[in-house]
Amino acid sequence: QVQLVESGGGLVQAGGSLRLSCAASGIIFSFNVMGWYRQTPGKQREMVATITSSGTTNYPDAMKGRFTISRDNAKNTVYLQMSSLTPEDTAVYYCNADIRTSSDYVWRGYWGQGTQVTVSS
């Protein structure tokens, strides 16, 4: 019923920038919090950034100043602008969104399939 599709990942040199996008489609009635998470092999998935429907953002200290999350509610899309990337930022980045569908109006969390970001030294 709902799909989240990430794009924009790839290979970048240390110090470089990337912009990730996540577009939601389906029978969507409304969104609440949207966010980006990342995961590396053998580690738990960690929060990178979140943004509420009103635009309030939240970042872990390690991402503050380097990552910026934004959303376009008209396009059902959330973005992550990443700068000053380091090899430690290498991970699979996942989009997450709290969505109510038009079928039953129940809030559910949805995940995208992930997009690989690789930062070379």
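A brief report on the enclosed structure follows. (Residues numbered from 1 in each chain as written. Predicted model: local features only at pLDDT ≥ 70, side-chain atom pairs only at ≥ 80, totals over all residues. Heavy atoms only, no water.)

1. Focus: the overall build of the protein chain
Item 1. Across its full length, the protein chain holds zero helices and eleven strands.
Item 2. Mapped from its N terminus to its C terminus, the protein chain presents α and β elements in the order β-β-β-β-β-β-β-β-β-β-β.
Item 3. Taken against the 2.2 N^0.38 rule, which gives 14 Å for 121 residues, the C-alpha radius of gyration of the protein chain at 14 Å falls within 12% of a compact globule.
Item 4. Judged by the C-alpha coordinates and their principal axes, the protein chain covers about 50 × 25 × 25 Å.
Item 5. When each of the 121 residues of the protein chain is scored for burial, the buried share is 40%.
Item 6. Residue pairs at least 24 apart in sequence account for 56% of intrachain contacts in the protein chain once pairs closer than 6 positions are excluded.
Item 7. As displayed, the protein chain offers around 6,200 Å² of accessible surface, 48% of which is attributable to carbon and sulfur atoms.
Item 8. Each charge class in the protein chain can be summarised by its mean position, and for the 10 positive and 8 negative side chains these summaries are 3 Å apart. (Helix = DSSP H or I, 4+ residues; strand = E, 2+ residues; numbered from the N terminus. Rg over C-alpha atoms; globule rule 2.2 N^0.38 Å. Buried < 20%, exposed > 50% of the residue type's maximum accessible area, 1.4 Å probe, protein only. Contact = heavy atoms within 4.5 Å. Areas by Shrake-Rupley, 256 points an atom, 1.4 Å probe, with all protein chains shown as cover. Lys, Arg positive; Asp, Glu negative; His and termini not counted. Charge placed at Lys NZ, Arg CZ, Asp CG, Glu CD.)

2. Details of the state of the cysteines
Item 1. Evaluation of the coordinates by the stated rule reveals one disulfide.
Item 2. At a sulfur-sulfur separation of 2.1 Å, the disulfide partner of Cys22 is Cys95. Residues Cys22 and Cys95 are joined by a disulfide whose S-S torsion is about -80°; by sign, that bridge is left-handed. One end of the pair, Cys22, is in strand E3 (residues 18-26); the other, Cys95, is in strand E9 (residues 91-101), and 73 residues separate them in sequence. With respect to burial, Cys22 and Cys95 carry one shared label: buried. (Disulfide = S-S within 2.5 Å.)

3. Describing the sheet that holds E3
Item 1. Taken in spatial order, the four strands of this open sheet run E1-E3-E8-E7, and their pairing is antiparallel. For this open sheet the edge positions go to strand E1 (2-7) and strand E7 (67-72), each flanked by a neighbour on one side alone. Strand-to-strand twist of the sheet, defined as the mean angle between neighbouring strand axes without regard to direction, takes the value 15°.
Item 2. Relative to E3, E1 runs antiparallel, the two being bridged by six bridges. When the bridges of E3 are listed, Val5 appears paired with Ala23. (Pairing = 2+ DSSP bridges. Axes fitted to C-alpha atoms, helices over the stretch in contact; angles between N-to-C directions.)

4. A word on the packing of aromatic side chains
Item 1. One pass over the structure, following the stated rule, counts three aromatic pairs.
Item 2. When the centroid spacing of 4.9 Å and the interplanar angle of 85° are considered together, the rings of Phe29 and Tyr105 count as edge-to-face. Taken as a pair, Phe29 in strand E4 (residues 28-39) and Tyr105 in the loop between E9 and strand E10 (107-111) lie far apart in primary sequence, 76 residues in all.
Item 3. When its relative accessible area of 45% is taken as the criterion, Tyr105 is described as partly exposed. (Phe/Tyr/Trp six-rings, centres within 6.5 Å; stacked < 30°, edge-to-face > 60°.)

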